[in-house]
Amino acid sequence: MKPSEKEEEYVARLEFDRKKKLEEEKHKTLAKDEKRRLKDLHYMMCPKCGMELIEIDYKNIKIDKCSECEGIWLDAGELETVSKLEKTGLDKLLSVFRK
Ligand SMILES: [Zn+2]
């Protein structure tokens, strides 16, 4: 890795850690009922536009695609799994969503 890439990675990680701590502090103040209410309200809804997500199961990767804005969302660990797909596997995965 070039020094500048290392620096970018470092800065991004610091930013993530800082934002995560802020969110964790907020979550501590949320009551259980409020967390459940928020989950019921937002589950399988697009985090960008609020419309329903369509879930596709491809090689045990559950990929959620927005029915409106076409954003694609991955659950925890799935980005790592997708990044390990061979190029042809990735092409096949993307072709599932092609019109
Ligand atoms: Zn959307």
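Residues numbered from 1 in each chain as written. Predicted model: local features only at pLDDT ≥ 70, side-chain atom pairs only at ≥ 80, totals over all residues. Heavy atoms only, no water.

What follows covers the coordination of the zinc ion. For the zinc ion, the full set of protein donor atoms is C46 (SG), C49 (SG), C66 (SG) and C69 (SG), at a range of 2.3 to 2.4 Å. For the zinc ion, the four donor atoms in the first shell make angles of 99 to 121 degrees at the metal, a pattern classed as tetrahedral. On the primary sequence, the residues serving as donors to the zinc ion are separated as C-x2-C-x16-C-x2-C. Of this pair, C46 sits in the loop between α2 (32-42) and β1 (53-58) while C66 sits in strand β2 (residues 61-66); the two residues are 20 residues apart in sequence, bridging distant segments of the chain. Each member of the pair C46 and C66 is classed as buried. (Donors = N, O, S within 2.8 Å, 3.2 Å for Na, K, Ca; no water. Tetrahedral: all angles 85-135°; square planar, octahedral: opposite > 155°, others 65-115°. Helix = DSSP H or I, 4+ residues; strand = E, 2+ residues; numbered from the N terminus. Buried < 20%, exposed > 50% of the residue type's maximum accessible area, 1.4 Å probe, protein only.)

With that settled, the discussion passes to the pairing of β1. Relative to β2, β1 is paired through six bridges, and the arrangement is antiparallel. Residue I56 lies in a different strand from β2, and its bridge partner there is I63. (Pairing = 2+ DSSP bridges.)

In this section: the sheet that holds β2. In spatial order, the strands read β1-β2-β3; together these three strands make up an open sheet with antiparallel pairing. This sheet does not close on itself; its edge strands, each paired only once, are β1 and β3 (72-74). Mean inter-strand twist for the sheet, computed between neighbouring axes without regard to direction, equals 30 degrees. On top of the sheet, helix α4 (residues 87-97) reaches β1, β2 and β3; it is set at about 145 degrees to β1, its chief contact. (Axes fitted to C-alpha atoms, helices over the stretch in contact; angles between N-to-C directions. Contact = heavy atoms within 4.5 Å.)

What follows covers the confidence of the model for the chain. The predicted model of the chain averages 90 in pLDDT, with 99% of residues at 70 or higher. Taking the mean pLDDT of every element in the chain, the minimum, 85, falls on α4 and the maximum, 93, on β3. (pLDDT = per-residue confidence, 0-100.)

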